[in-house]
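# Observations on the three-dimensional arrangement
Residues per chain are reported as follows:
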Amino acid sequence: MALAGSDEITLEELQLAARNHGMPLEALRYPLTPVGLHYLLIHYDIPAIDAAAWRLQVGGHVRGELSLSLDDLRERATVRLPVTMECAGNGRAKLAPRPVSQPWLLEAVGNAEWGGTPLRPLLEEAGLLDGAVEVLFTGLDRGLEGDVDQQYERSLTVADALRDEVLLAWEMNGAPLPPQHGYPLRLVVPGWYGMTSVKWLGRVTVLDRPFDGYQQSRGYRFRQAEDEDGEPVTRIATRALMVPPGVPDFMTRRRLVDVGRCVLEGRAWSGRHRVTAVEVSADGGASWAAAELSDPAGPFAWSGWRFPWDPQGPGEYTLCCRASDDAGGTQPLEPPWNLGGYANNAVQRVPVTVRG
Ligand SMILES: Nc1nc2c(c(=O)[nH]1)N[C@H]1C(S)=C(S)[C@@H](COP(=O)(O)O)O[C@H]1N2
Ligand SMILES: [Mo]
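The structure displayed is predicted, hence computed values, not measured ones. (Residues numbered from 1 in each chain as written. Chains lettered and ligands numbered in written order. Predicted model: local features only at pLDDT ≥ 70, side-chain atom pairs only at ≥ 80, totals over all residues. Heavy atoms only, no water.)

### Quick notes on the sheet that holds strand S10 (residues 201–207)
- Spatially, the five strands line up as an open sheet ordered S2-S1-S10-S5-S6, and their pairing is mixed. Two strands lie at the open edges of the sheet, namely strand S2 (66–68) and strand S6 (148–157), each paired on one side alone. Going across the sheet, the axis of each strand differs from the next one's by a mean of 25 degrees, ignoring polarity.
- When strand S5 (residues 134–145) meets S10, the two strands line up antiparallel, connected through six bridges. The partner of Leu-136 across the bridge, within S10, is Thr-205.
- In the packing of helix H3 (residues 119–126) onto the sheet, the strands contacted are strand S1 (56–60), S2, S5 and S10, and the crossing angle to S2 comes to about 135 degrees. (Pairing = 2+ DSSP bridges. Helix = DSSP H or I, 4+ residues; strand = E, 2+ residues; numbered from the N terminus. Axes fitted to C-alpha atoms, helices over the stretch in contact; angles between N-to-C directions. Contact = heavy atoms within 4.5 Å.)

### Observations regarding the state of the cysteines
- On inspection of all chains with the given rule, the structure shows zero disulfides.
- The cysteine Cys-320 is free of any disulfide, with Cys-321 supplying the nearest cysteine sulfur at 7.7 Å.
- You can call Cys-320 buried: its relative accessible area is 0%.
- A relative accessible area of 0% means that Cys-321 is categorised as buried. (Disulfide = S-S within 2.5 Å. Buried < 20%, exposed > 50% of the residue type's maximum accessible area, 1.4 Å probe, protein only.)

### Considering the nonpolar core
- If you look at the biggest cluster of nonpolar residues, it comprises 50 residues, and the most contacted ones within it are Leu-56, Leu-73, Phe-137, Leu-168 and Leu-201.
- Tallying contributions element by element places H3 first for this core, with four residues.
- Mapped onto the domain boundaries, this core takes at least three residues apiece from domain 1 (11–232) and domain 2 (239–355). (Core = buried A, V, L, I, M, F, W, Y, C linked by side-chain atoms within 4.5 Å. Domains from an automatic or database assignment.)

### Notes on the site of ligand 1
- Around ligand 1, 19 residues are found, and the nearest of them are His-43, Asp-141, His-181, Arg-186 and Lys-199.
- At 2.7 Å, a side-chain N or O of Arg-186 approaches an oxygen atom of ligand 1.
- Ser-197 places a polar main-chain atom, nitrogen or oxygen, 3.0 Å from a nitrogen atom of ligand 1.
- Contact with the protein chains hides 100% of the accessible area of ligand 1, taken as 530 Å² for the molecule alone. (Near = heavy atom within 4 Å. Polar contact = N/O pair within 3.5 Å; in protein donor to acceptor, adjacent residues only side chain to side chain. Areas by Shrake-Rupley, 256 points an atom, 1.4 Å probe, with all protein chains shown as cover.)

Laid out in structure tokens, this is it:
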């Protein structure tokens, strides 16, 4: 991955940003993100798929291959699960030097209710053969990345693929998947960064050796330099975000708040641990106070939090929020840097002018 030579976002980055929109942070208000407000990340193009002719192929290192239509899948056990999904590149544009890719600020997150059928029984029906180590999920979208001609595809270990919460989803918030979110069928891997949840799924292949394709061995690895192997990016780091309070200035997005009590609110989540506390700072992270935290709507969904803020008086403030988890972790003030710009969970900073 290239690094930006200047602070300025390039037209190529803008080209990606205009296709792949974030969730406006005021949409943190909705416990379930309305479909059109959920963030979007599409590496190549949305593929044209004829759903009537489409089949999901399940094969590879199995006793018997399966070929399933959407109707076949819909006849299977159906579950609906609220899942907070975040792109691994969320926060990338705030790193210096900036990794050149989709230039996310903070908005690459959403919480949707995904409806579909659990993957595990399907894999059991196909019958994993001895020596099966990974399951590969191949999307029907194609493109070039790092000079490699590819379909978007990623794998999970057999143990991770067999987890109960892993879904083949055809529904988002009670409606059929829209084209941009993977119609007719996508994988949903709760707790993991979004790249794992392969959209426009065409094929599930059981492998007897680890997958070493582009999105596994070159993309989505934590490294400081190109020649490193690096550790794979997996589960979502602990994080809280707030709805920016008051009203924005159009160009700078600086917040303007009237003096008096201001109730701050937001969401917090973690794909690795359980969020146990959210704190708020009005002085850029020098001092912190506990917010009120609600129970999440499910084991993989974000929690709401609120904090009644009484500013000392008119003036300039920097609001921050941070989540802590049951493993004793919290969010850093400064972002951890890596070449791909992954998993930046540094605390959000919201400059606010309180007016008398
Ligand atoms: N086939 C396919 N699946 C994909 C992608 C893609 O480009 N192609 N992008 C991945 C990435 S990087 C993310 S963050 C999520 C985004 O899912 P969403 O657009 O539904 O929010 O989809 C993942 N699945
Ligand atoms: Mo992503």
